[in-house]
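# Structural features, examined
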Amino acid sequence: IEGEPFDERLKNLPSRQQSHWNSSARRSRNNHLTAYDAQSGAVLWSLPSKDNAAPPAAEQDQVPDPDQEVVESPYLQSGGFMGAPVNYRNLVIAPVNQGGAISVYAFDAKQNGKTIWKSFLCDEPESGAVPWAPINLSIDGSDLFVSCGLGVVFVVDPSNGMIRFAKRYHREGAE
């Protein structure tokens, strides 16, 4: 997971947090998932890639040609990666947040990060979430455990994205 490139021109400007009145904090990210060659260090692929950029607003409203093959974008354009990815066979599995909708995506490592499956898990609560909290993934055998940090854990089949079960747990703050 990589953040936005650092812009040297803006290094002396103070960082400011914008306060949005009457709205809850969201855990949004603006980052990239990048795969490197282990021997050479060369970039193999990165998501989102320039090839998968969202179309201009004028093209988004056009009716698609029914004879043209529809190619799904391998990455949600308005989403961000929420935690470290895990490997399962030839898949790279990563949590994504798109406007408060938390999903898990599986990308094919050998096909330039092509989306193999995606599974919607839950929405963030209206009360918000701790903005810097990651979504944690863990693989044990053929079970993918997803802890959203919102009082719920999911067990997902990592080969196809089917949710096996979800369990809500009580959270208490430390005093």
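To be clear, the structure that these remarks concern was listed above.
Residues numbered from 1 in each chain as written. Predicted model: local features only at pLDDT ≥ 70, side-chain atom pairs only at ≥ 80, totals over all residues. Heavy atoms only, no water.

## What about the overall build of the chain?
Filter applied, for reference: Numbering goes from the N terminus for both helices and strands, where a helix is a DSSP run of H or I of at least four residues and a strand is a run of E of at least two. When a residue's accessible area, from a 1.4 Å probe over protein chains only, is under 20% of the maximum for its type it is buried; when over 50% it is exposed; and in between it is partly exposed. Whether two residues are in contact is decided by their heavy atoms, any of which lying within 4.5 Å being enough. Calculation of accessible area relied on Shrake-Rupley with a 1.4 Å probe; when residues are assessed, cover is drawn exclusively from the protein chains displayed.
Helices and strands together make up the secondary structure of the chain, namely one helix and eleven strands. Scanning the chain from its N terminus toward the C terminus, one meets helices and strands in the order β-β-α-β-β-β-β-β-β-β-β-β. For the chain, the proportion of its 175 residues judged to be buried stands at 34%. In the chain, the proportion of contacts linking residues at least 24 apart, taken out of those at least 6 apart, comes to 45%. Per element, the accessible surface of the chain, about 12,100 Å² overall, is 50% carbon and sulfur.

## Notes on the sheet that holds strand β11 (residues 163-168)
Put simply, the test is: At least two bridges found by DSSP between two strands are what make those strands a pair. Axis definition: a line fitted to C-alpha atoms, limited for helices to the stretch in contact. Angles are taken between N-to-C directions and run from 0 to 180 degrees.
Strand order in this open sheet of four strands is β8-β9-β10-β11, and the pairing throughout is antiparallel. Sheet topology places β8 (136-140) and β11 at the edges, where each strand pairs with a single neighbour. Averaged over all adjacent pairs, the angle separating strand axes in this sheet is 20°, with direction ignored. By the bridge criterion, five bridges tie β8 to strand β9 (residues 143-147) in an arrangement that is antiparallel. In the sheet register, S138 faces β9, and the bridge partner there is F145.

## A closer look at the nonpolar core
Heads up, the rule is: The criterion is simple. A nonpolar core is a set of buried Ala, Val, Leu, Ile, Met, Phe, Trp, Tyr and Cys residues joined through side-chain atoms within 4.5 Å.
Grouped together as the largest cluster of nonpolar side chains are 21 residues, with contacts concentrated most on I93, W117, L121, L144, V146, C148 and F154. Residue assignment for this core shows that the elements contributing at least two residues are β4 (86-88), β5 (91-98), β6 (101-108), β7 (114-123), β9 and β10 (152-156). Counting residues in hydrophobic clusters, the runner-up holds ten residues, among them L33, W45, V92 and F107.

From the geometry alone we can't say anything about function, so treat these as descriptive.
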